[in-house]
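What the coordinates show
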Amino acid sequence: MENWNSIVKELSSIYDDNSMDTFVSLYYDGKDEKFIKNREKVCSAILSGEELENFVKTMEEIWKFLGRNQKIAIFASHKNDYFKVVPLSTIATDIPNAFVVDSSPYIRPLAKVIDEWEPFTLLLMNSNHAKIFLISYGRMIEEKRIAKDIMSKHKKGGWSQARFQRIRKGAIHAFFREVADALRNFAEGNIILAGPGEAKIEFRNLLSPTMQKKIIGVIDVDINDEKDLLKESIEVIEEREEEEKYQTLQHLKKEILKDGLAVHGVNDTLEAVKNGQAEIVLIEKGFALKGWICEKCQIVEKGYNKACPYCGGKTSEVDVIEELIEFAERMETRAEFIDNKEIKKLGHVGALLRYR
């Protein structure tokens, strides 16, 4: 699996402070080459001089790499000797085609995927079988399978019923301990338990308090019924994440009311993120805002300015929210996208602060 957090962090740190339009960012479904050719034609007509020369050479490198049925994202700049390919076939949802020419890579689609598809662990088990799955970007990968031959029936003669039950209970307990050890080694993020009967509940009660806190859902399902398990587990995660985002929004509002560790609105939020003050930034889904950036002094503001009023440098037209996301990645601030009218009323964005 690609470590997308590392990739987005790397991309967010890259920009050209001497040029407006240096990097090509392409999100491609592997099918619509016409879309790429149309965007290439339009951008070639707009660019000129060194920027056009760089664009042409960058596109030559991209076309050499492209193939049919490749769901990929490419971030490239011939001038900066940069060419990064991110396979998109590892996610279960489609990212819309996009072709952006800018002074830095366009990372918003990847940031949204990271926010919406946080990896988690699924444990499917009964009293003698267990399967551990990693659910990453909507796809299920089996990491570990454990099975034990545990006696299920007591025959007449020999052991007493009580002794048999003690031995069987001890065998199940040992099996649970083996599963718990494997879960600690493989678990990533939150955990969902699934399976028939009470075995999964008994197993949960044996776990340490730390591991129990990671369990956010329990699903009743037959041990052999994996068909709808992925869908059900993703629904559990989505409900949990929406609730967590709602609670974060309520926390933001309370901090704003008491003039505490929070800011809202584009200007104040952008400033807090750039200064490294922001712990979490909430962004309204789909919100975009035209603005400009001076790559030389990294000033970003909404509206339009041909030259930077602070250093006189050349500016680039940008989406201010895209720049906000890039700054958040650089400063290790978690970006969360939320579809809620209340964040719109607060100026579309807001942030909980580490300090003032």
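Right, let's walk through the structure included here. Everything numeric here is computed off the predicted structure, so don't read it as measured data. (Residues numbered from 1 in each chain as written. Predicted model: local features only at pLDDT ≥ 70, side-chain atom pairs only at ≥ 80, totals over all residues. Heavy atoms only, no water.)

**Re a negative patch on the surface**
We apply this condition: Only residues whose relative accessible area exceeds 30% and that take part in no salt bridge are eligible for patches, with like-charged residues grouped when within 9 Å of each other and nonpolar side chains (Val, Leu, Ile, Met, Phe, Trp, Tyr) grouped when within 5 Å. The protein chains shown are the only cover counted for residues, whose accessible areas, like all others here, come from Shrake-Rupley with a 1.4 Å probe. One speaks of a salt bridge when a side-chain nitrogen belonging to Lys or Arg is within 4 Å of a carboxyl oxygen belonging to Asp or Glu. Lys and Arg are tallied as positive, Asp and Glu as negative. Neither His nor the chain termini are counted. Charge positions are represented by NZ for Lys, CZ for Arg, CG for Asp and CD for Glu. Secondary structure follows DSSP: runs of H or I at least 4 residues long count as helices, runs of E at least 2 residues long count as strands, and numbering of each begins at the N terminus. Accessibility here uses a 1.4 Å probe with only protein chains present; expressed as a share of the type maximum, an area under 20% marks a residue as buried, one over 50% as exposed, and anything in between as partly exposed.
A cluster of acidic side chains, namely Asp222, Asp225, Asp228, Glu232, Glu235, Glu238, Glu239, Glu242 and Asp339, defines a negative patch on the protein surface. Counting through the fold element by element, Asp225 comes out in the loop between strand S9 (215-220) and helix H8 (229-257). Of the residues examined, Asp225 reaches a relative accessible area of 34% and is grouped as partly exposed.

**Some details on unusual backbone geometry**
Even without glycine at this site, Asp259 takes up a positive phi of about 55 degrees. Following the sequence through the fold, Asp259 ends up in the loop between H8 and strand S10 (262-264). The phi angle at Gln298 is positive, at roughly 60 degrees, despite the residue not being glycine. Take Gln298: it is sitting in the loop between strand S12 (290-294) and strand S13 (299-302). Given a relative accessible area of 11%, Gln298 falls into the buried group.

**Some points on the packing of helix H1 (residues 4-12) against helix H4 (residues 108-116)**
Between two packed helices, what matters for the description is the angle formed by their axes and the separation of those axes. Convention followed: Geometry is summarised by axes, namely lines fitted to C-alpha atoms with helices restricted to the contacting stretch, and by angles between N-to-C directions that run from 0 to 180 degrees. To sort the angles, those under 35 degrees are grouped as roughly parallel, those over 145 as roughly antiparallel, those from 65 to 115 as roughly perpendicular, and the leftovers as oblique. Crossing handedness follows the turn of the near helix against the far one: under a right angle anticlockwise gives a left-handed crossing, and clockwise gives a right-handed one. The contact criterion used throughout is that any non-hydrogen atoms of two residues lie within 4.5 Å.
Relative orientation of the contacting elements H1 and H4 amounts to 150 degrees, with a least axis distance of 10 Å. The angle between the axes of H1 and H4 places the two elements in the roughly antiparallel class. Here the hand of the crossing between H1 and H4 comes out left-handed. The residues of H4 that touch H1, namely those facing Trp4, Asn5, Val8 and Leu11, are Leu110, Val113 and Ile114.

**Some points on H1**
Inclusion rule: Working note: the arc is built from the helix axis to C-beta atom directions.
All of the buried residues along H1 are Trp4, Ile7, Val8, Leu11 and Ser12. Along the axis of H1, the buried positions cluster into a sector of 130 degrees, meaning they face one direction only. On its buried side, H1 packs onto strand S2 (72-77), strand S3 (82-87), H4 and helix H10 (320-330).

**As for the sheet that holds S9**
Let me state the cut-off plainly: In this scheme, strands are said to pair when DSSP sees at least two bridges between them.
Strand order in the open sheet formed by five strands is S7-S6-S5-S8-S9, with mixed pairing between adjacent strands. Every interior strand has two partners, whereas the edge strands, strand S7 (139-147) and S9, have only one. Averaged over all adjacent pairs, the angle separating strand axes in this sheet is 20 degrees, with direction ignored. Examined bridge by bridge, strand S8 (residues 191-195) and S9 share five bridges and lie parallel to one another. What sits directly across from Ile191, in S9, is Ile215. Lying over the sheet, helix H6 (residues 199-206) contacts strand S5 (120-125), S8 and S9, oriented at roughly 160 degrees with respect to S9.

**What to know about the side chain of Asn340**
In plain terms, the rule: The term polar contact refers here to a pair of N or O atoms within 3.5 Å; inside protein, the definition further demands a hydrogen-donor-capable atom paired with an acceptor-capable atom, and it admits residues adjacent in sequence only when both atoms are side-chain atoms.
Here Asn340 shows up in the loop between strand S15 (334-338) and helix H11 (341-345). Within the local environment of Asn340, its side chain forms a polar contact with the backbone nitrogen of Glu342, the two atoms lying 2.7 Å apart.

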